[in-house]
Amino acid sequence: MEGYIERMFLAGVGALTLTKEKAEKIVSDLVKKGEVAKKDQPEFVKRLLERGKASRAEIEKIAEKTVKNVLDKLNVPTKSDIDALMKKIEELRKK
């Protein structure tokens, strides 16, 4: 059972790049080792893929927040800031 838990942890860490084929191979190996029942194989693959999707979404949120914080600290203007300036410039040109 300890090997099973370790394998699940490693699968979780590798979930960021987990494809259906990789998940099926991991679960197939676990079935061969007797750590997962053959009848549970499809559900186990599904759970691994769901975990991968959730992990990717969480990392994307963290990355977006981090980038935004860095840009804010560097005082880099946003697209909306630039758009507002362009609008003001155009208004001034018209005068």
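Residues numbered from 1 in each chain as written. Predicted model: local features only at pLDDT ≥ 70, side-chain atom pairs only at ≥ 80, totals over all residues. Heavy atoms only, no water.

1. Things to note about the pattern of salt bridges
The tally for this structure, following the rule as stated, stands at 6 salt bridges. In this structure, Lys25 engages Asp29 in a salt bridge whose closest nitrogen and oxygen atoms are separated by 3.3 Å. Placement of both Lys25 and Asp29 in helix H2 (residues 20-32) is noted, with a separation of 4 residues, approximately one turn of the helix. Exposure remark for Asp29: the relative accessible area of 17% places this residue in the buried category. Across the pair Lys79 and Asp83 runs a salt bridge whose closest N-O atoms are separated by 3.0 Å. One end of the pair is Lys79 and the other is Asp83, both in helix H4 (residues 79-94) and 4 residues apart, which spans about a single turn. (Salt bridge = Lys/Arg side-chain N within 4 Å of Asp/Glu carboxyl O. Helix = DSSP H or I, 4+ residues; strand = E, 2+ residues; numbered from the N terminus. Buried < 20%, exposed > 50% of the residue type's maximum accessible area, 1.4 Å probe, protein only.)

2. Comments concerning the nonpolar core
Of all hydrophobic cores here, the largest spans 10 residues; its members are Leu18, Ala23, Ile26, Val27, Leu30, Val31, Val36, Phe44, Val45 and Leu48. Put simply, the parts of the chain that give this core at least two residues each are H2 and helix H3 (41-73). Counting residues per element, this core draws most heavily on H2, at 5 residues. (Core = buried A, V, L, I, M, F, W, Y, C linked by side-chain atoms within 4.5 Å.)

3. Some points on unusual backbone geometry
A positive phi is found at Asn75, a non-glycine position, where the angle reads about 60°. Judged by its relative accessible area of 67%, Asn75 is exposed.

4. Remarks on the confidence of the model for the chain
Averaged over every residue, the pLDDT of the chain is 84; the share at 70 or more is 82%. Averaged pLDDT values over the elements of the chain bottom out at 56 in helix H1 (residues 2-13) and peak at 96 in H4. (pLDDT = per-residue confidence, 0-100.)

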